[in-house]
Amino acid sequence: MITKEAPAAAPAPAPAAPAPTRPGKKRPAWDEVPRWQIYLPLGIYLVFTLIPFYWILLFAVRPAGSTSLVPWPMTTEHFEKVWTDRGFGTYFTNSVYVGLATLVMTTLVALAGGYALARFDFKVKRVFMLALLCSQFVPGALLLVPLFEIFAGLQMINSLGSVIIAETVFQLPLSIILISNFIKNVPYSLEEAAWVDGCGRFRAFRIVVLPLLRPGLIAVGSFAFVHSWNHFLFALMFLNNQHKQTIPVGLNSLMSADSVDLGALAAGGIVAAVPVVIVFAFIQKWLITGFSAGAVKG
């Protein structure tokens, strides 16, 4: 019996060769986003962000009674009114004093507490860290009554010291956590090498560790300064004398139940915002570096 062999299967077609590309020309990446898709949303967001600032500037430099959308002719009458007649010169001085004192006290206490949490182990360390984290969920308004009773017993009502202490206490939990995480990123071997060279713990910390903490200290200090500069409740509750009020309370005094002086209010808002803008313009690089490093677990 004669059998026929099955025909051999046809060979699979060879894969197509890639299309030749011109020398010196790269293929566009699939994940490359066109520039207009980035700049267009950012431009829209920038416009919506800057419109309120332009509106405040317009009311501040536009003459009273004018309805022009262009600030011309410009006037400084609103700034002169709030600085001299409404006492914003005194408010500004008080806010600077409170902000700088809060900055110094918060930074020093947070530095000591952060170093203890980063370098020492003790039994209640986890409980203490949990308490610091949980304190961030407590609104500042809940602290008004107990703090008022404490300051009344210490005869510190109507004193800038009460506002400074309250602001420092309110800023410490987050500041300690940030400084602690920042110190953990500094190698412990650097301190040990300083100890071998004859330095004590405090001197080794001052010479070796402290210079490396500059971004973290700037971030914590600036955050404490800006928060105390803008905070309204503590100054309103603990200060009764008009000559000891701060800028947020002064801005609130420009608004009454019957009318609002928009020109004076806008000028006062610019006076309150300019120092903060200047501070952030100079420390922006340190601020971003400090918060990003302090947020990483060492």
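Residues numbered from 1 in each chain as written. Predicted model: local features only at pLDDT ≥ 70, side-chain atom pairs only at ≥ 80, totals over all residues. Heavy atoms only, no water.

## Describing the overall build of the protein
And step 1. The secondary structure content of the protein amounts to 12 helices and zero strands.
And step 2. For the protein, the α and β elements follow one another from N to C terminus as α-α-α-α-α-α-α-α-α-α-α-α.
And step 3. At a minimum sequence separation of 6, the contacts of the protein that also span at least 24 residues come to 73%.
And step 4. Carbon together with sulfur atoms contributes 69% to the accessible area of the protein, which is approximately 19,400 Å² in total. (Helix = DSSP H or I, 4+ residues; strand = E, 2+ residues; numbered from the N terminus. Contact = heavy atoms within 4.5 Å. Areas by Shrake-Rupley, 256 points an atom, 1.4 Å probe, with all protein chains shown as cover.)

## Some words on unusual backbone geometry
And step 1. With a phi close to 55°, Gln155 is a non-glycine residue in the positive phi region.
And step 2. If you trace the backbone, Gln155 turns up in the loop between helix 5 (144-153) and helix 6 (160-184).
And step 3. Its identity as a non-glycine residue notwithstanding, Asn158 has a phi of 65°, on the positive side.

## Points about the packing of aromatic side chains
And step 1. In the structure shown here, the tally under the stated rule is 12 aromatic pairs.
And step 2. Relative to Phe205, the ring of Tyr115 lies with its centre 5.0 Å away and its plane at 70°, an arrangement referred to as edge-to-face. In this pair, Tyr115 sits in helix 3 (residues 88-119) while Phe205 sits in helix 8 (residues 201-209), placing the two residues 90 residues apart along the sequence. Taken individually, Tyr115 and Phe205 each receive the classification buried, so the pair is uniform in this respect.
And step 3. Considering the side-chain rings of Phe151 and Phe238, the 5.2 Å spacing of their centres and the 80° angle between planes classify their relative orientation as edge-to-face. Separated by 87 residues along the polypeptide, Phe151 in helix 5 and Phe238 in helix 10 (residues 233-238) bring together distant segments of the chain.
And step 4. The class of Phe151 is buried, set by a relative accessible area of 2%. (Phe/Tyr/Trp six-rings, centres within 6.5 Å; stacked < 30°, edge-to-face > 60°. Buried < 20%, exposed > 50% of the residue type's maximum accessible area, 1.4 Å probe, protein only.)

## Digging into the packing of helix 6 against helix 9 (residues 214-230)
And step 1. Running from N to C, helix 6 and helix 9 point in directions that differ by 160°, and their axes come no closer than 10 Å. On the basis of the axis angle, helix 6 is roughly antiparallel to helix 9. Crossing geometry of helix 6 relative to helix 9 is assigned as right-handed. Contacts from Glu167, Phe170, Gln171, Leu174, Ser175, Leu178, Ile179 and Phe182 of helix 6 reach helix 9 at Pro215, Gly216, Leu217, Val220, Phe223, Ala224, His227 and Ser228. (Axes fitted to C-alpha atoms, helices over the stretch in contact; angles between N-to-C directions. Parallel < 35°, antiparallel > 145°, perpendicular 65-115°, else oblique. Left-handed = near helix turned anticlockwise from the far one by under 90°.)

## Examining the confidence of the model for the protein
And step 1. Taken residue by residue, the protein gives an average pLDDT of 79. The fraction at 70 or more is 84%.
And step 2. Contacts of residues 1-5 to residues separated by more than four positions or lying in other chains number zero contacts, the stretch itself having pLDDT below 50.
And step 3. Low pLDDT (under 50) marks residues 294-298, which in the prediction has 10 contacts with non-local residues, meaning those over four places away or in another chain. (pLDDT = per-residue confidence, 0-100.)

## Thoughts on the packing of helix 3 against helix 6
And step 1. One way to put it is that helix 3 packs onto helix 6 with a least axis distance of 6 Å and a crossing angle of 35°. Along this stretch, helix 3 crosses helix 6, giving a crossing that reads as right-handed.
And step 2. Of the residues assigned to the contact of helix 3 with helix 6, the class counts are 17 nonpolar, nine polar and three charged. (Nonpolar A, V, L, I, M, F, W, Y, C, P; charged D, E, K, R; others polar.)

## Remarks on the pattern of salt bridges
And step 1. Following the criterion strictly, the structure yields two salt bridges and no others.
And step 2. Note that Lys125 is salt-bridged to Asp121, the shortest N-O span being 3.4 Å.
And step 3. For Lys125, a relative accessible area of 17% puts it in the buried group. (Salt bridge = Lys/Arg side-chain N within 4 Å of Asp/Glu carboxyl O.)

## Looking at the side chain of Glu167
And step 1. Its place among the elements puts Glu167 in helix 6.
And step 2. Although buried, Glu167 forms no salt bridge, and the nearest oppositely charged side chain, Lys244, lies 17 Å from it.
And step 3. In this structure, Glu167 is in contact with Thr102, His227, Ser228, His231 and Phe234, ignoring residues within four places of it in sequence. (Lys, Arg positive; Asp, Glu negative; His and termini not counted.)

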